[in-house]
Amino acid sequence: MEVDFLTTIVQLMAGAFIGACIGMTGIGGGVLILPVLTIWFGLPPSVAVGTAHFYSFLCKLPAVFFHFRQGTIRFLISAYFLMGAIPMNVIVAIYLTGYAETINPTSQEWLKFQEALRIFIAAIVTLSGGFLLWHVIFKQKNNPIKGDKNSIPITGNKITIVILLGGIIGGLIAATSVGSGILIVPLLIIILGLAAVDTVGSSIFIALLLTSTSSIIYAGSNQLDLTTAITMAAGSFLGVPIGVRMSKKIPEHFLQITIITLVLAAGLFMLVDV
């Protein structure tokens, strides 16, 4: 019982730390949770991915409610993205969990599968950190135009591109749980030119649907640690408001660089130690 209690406290603290990172900078949740689950808590990569999906789903619920009330979710554009993302999300999640179910957890094949998945996750985390760094450095040049919501023309070519890219991103999210923010947000800004507030609201709504879908699939295959996900989400709920208050006292640019450094370090550590 003592070990369980201490583990719960550590999970709450880890969730609070990640929540504070999200509250301070708006980044870091998806790419920090996986290294924490695999390195700190020793979860197999496939279980870590499923746990991260459910954690992300829980954390996004209140955010989606807030953005819905504020009217900052572009449902039509989100629907175009989800047309490609949801099918690929389901296909990849079913394939990975189905394959994991066919392997004996004590066999060498299981270890090889988990090792390959961990290398892939580590690579995505590291690349995501680099992408975040690029985005922070050049975001001044790429600020979206904050115009009227109805002034952005959505052509047939753009719809096709969004559906195709949605499929790619949906598959990546299913396999790694990384990318719901750092990949969707730039897509909505660069391809569709959404205003910043609509971009955030729409990306969170899209991520909520994708993580809920993949969570069900991973849970059905026992590739999800429900207790850990709920405990860390509870910690995040405590950490987010703390991070928001801290963000008013510390320069945003410094905070973002700090989180990106942590992301890159975590990804590289996962690559080296696999």
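Anything mentioned here points back to the structure above.
Worth saying up front: this structure is predicted, and the values here are computed from it rather than measured. (Residues numbered from 1 in each chain as written. Predicted model: local features only at pLDDT ≥ 70, side-chain atom pairs only at ≥ 80, totals over all residues. Heavy atoms only, no water.)

Visitor: Explain the packing of aromatic side chains to me, please; I cannot follow it from the model alone.
Guide: Two descriptors summarise a pair of aromatic rings, namely the distance from one centre to the other and the angle between the planes of the rings. Applying the stated criterion across every chain yields a total of 6 aromatic pairs. Ring geometry for Tyr99 against Phe113: centres 5.2 Å apart, planes inclined by 65°, an arrangement best described as edge-to-face. Highlighted residues: Tyr99 in helix H4 (residues 75–101) and Phe113 in helix H5 (residues 108–138), separated in sequence by 14 residues. According to the relative accessible area criterion, Tyr99 is partly exposed, its value standing at 31%. Among the aromatic residues, ring-to-ring pairing joins Tyr95, Tyr99, Trp110 and Phe113 into one connected group. (Phe/Tyr/Trp six-rings, centres within 6.5 Å; stacked < 30°, edge-to-face > 60°. Helix = DSSP H or I, 4+ residues; strand = E, 2+ residues; numbered from the N terminus. Buried < 20%, exposed > 50% of the residue type's maximum accessible area, 1.4 Å probe, protein only.)

Visitor: Sorry if this is basic, but what is going on with unusual backbone geometry here?
Guide: Here Ser177, not a glycine, exhibits a phi torsion of approximately 70°, which is positive. As for its placement among the helices and strands, Ser177 is situated in the loop between helix H6 (156–176) and helix H7 (184–190).

Visitor: Just to check I follow, could you spell out the side chain of Thr176 for this structure?
Guide: Assignment of secondary structure puts Thr176 in helix H6. Side-chain polar atoms of Thr176 contact the backbone oxygen of Leu172, separated by 2.8 Å. Within the local environment of Thr176, its side chain forms a polar contact with the backbone nitrogen of Val178, the two atoms lying 3.1 Å apart. The residues touching Thr176, leaving out its near neighbours within four places in the chain, are Leu34, Val49, Phe120, Ile121 and Ile124. (Polar contact = N/O pair within 3.5 Å; in protein donor to acceptor, adjacent residues only side chain to side chain. Contact = heavy atoms within 4.5 Å.)

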